[in-house]
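Coordinate inspection notes
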Amino acid sequence: MRGMILYTDTPPGVIPKVTRRVGLPWLSPDITQLLHAVESFTPVTYEENMTVPIGNSSLPHILEQKCTAHNSIAIQKLPCNWYDDTWYKANLSSACAFLGVRKAFNIPHLEPYHSRS
């Protein structure tokens, strides 16, 4: 790689910052997998459209969670299959009624993008 210049916002000798997803105990693993798959396509869309992101460069994403947010408040009125089954069944009936779950909605299965290079 002689003669190649790498452009980065990180000063030399500094470990670059990365972002990591925090696990939500109430969120279905199927929804988490779908979010990971959608996020894997972001860099590809720039390549496909031959565009450059405008503004500051974003931090690299690590899709695997390091910890779970145990004090996270669940979002109300989501389809019932968007909640984690184990978490939902562990709640009191009054807590489940408070969520006001909707009927199940088909969650599409999308494979994460893997570059061929």
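Everything below is about the structure printed above this text.
Presented here is an overview of the structure given in this document. The structure displayed is predicted, hence computed values, not measured ones.

This part covers the overall build of the chain. Tallying secondary structure elements over the chain gives four helices and two strands in all. When the helices and strands of the chain are read in sequence order from the N terminus, they spell out β-α-α-β-α-α. Buried positions account for 16% of the 117 residues belonging to the chain. For the chain, contacts bridging at least 24 residues in sequence account for 75% of all contacts bridging at least 6.

Another point: the environment of Ala104. Relative to the assigned elements, Ala104 resides in the segment after helix 4 (93–99). Residues Ala104 and Pro79, 25 residues apart in the sequence, show an inter-C-alpha distance of 4.9 Å. The residues contacting Ala104, other than those within four sequence positions of it, are Pro79, Cys80 and Asn81.

Listed in full, the nine residues of the largest apolar core are Trp26, Leu27, Ile31, Leu34, Ala74, Leu78, Tyr83, Leu99 and Ile107. When neighbours within four sequence positions are excluded, Trp26 is seen to be in contact with Ser72, Ile73, Ala74, Ile75, Leu78, Trp82, Tyr83, Asp84 and Trp87.

Along its twelve residues, helix 1 (residues 29–40) runs 17 Å from first to last C-alpha, staying within 8% of the 16 Å computed at 1.5 Å per residue. Burial in helix 1 covers these residues: Ile31, Leu34, His36, Ala37 and Ser40.

What follows concerns the environment of His114. Of note, His114 is situated in the segment after helix 4. Judged by its relative accessible area of 63%, His114 is exposed. When the C-alpha positions of His114 and Ala37 are compared, they lie 9.9 Å apart, and in sequence the two are 77 residues distant.

Once that is clear, we can look at the packing of aromatic side chains. Given two aromatic rings, one states the distance between the centres and the angle between the planes to describe the pair. On inspection of all chains with the given rule, the structure shows four aromatic pairs. Judged by centre distance (6.2 Å) and plane angle (50°), the rings of Trp26 and Tyr83 are tilted. Of the two residues, Trp26 is situated in the loop between strand 1 (19–20) and helix 1 and Tyr83 in the loop between strand 2 (61–62) and helix 3 (85–90); the sequence distance between them amounts to 57 residues. Its relative accessible area of 2% is what places Tyr83 among the buried residues. Ring geometry for Trp82 against Phe105: centres 6.4 Å apart, planes inclined by 70°, an arrangement best described as edge-to-face. A residue pair is termed long-range when its members are at least 10 positions apart, and Trp82 in the loop between strand 2 and helix 3 and Phe105 in the segment after helix 4 qualify at 23 residues. Counting every residue linked through ring pairs, the aromatic cluster contains Trp26, Tyr83, Trp87 and Tyr88.

Parameters at a glance
- Residues numbered from 1 in each chain as written.
- Predicted model: local features only at pLDDT ≥ 70, side-chain atom pairs only at ≥ 80, totals over all residues.
- Heavy atoms only, no water.
- Helix = DSSP H or I, 4+ residues; strand = E, 2+ residues; numbered from the N terminus.
- Buried < 20%, exposed > 50% of the residue type's maximum accessible area, 1.4 Å probe, protein only.
- Contact = heavy atoms within 4.5 Å.
- Core = buried A, V, L, I, M, F, W, Y, C linked by side-chain atoms within 4.5 Å.
- Expected span 1.5 Å × (residues − 1).
- Phe/Tyr/Trp six-rings, centres within 6.5 Å; stacked < 30°, edge-to-face > 60°.

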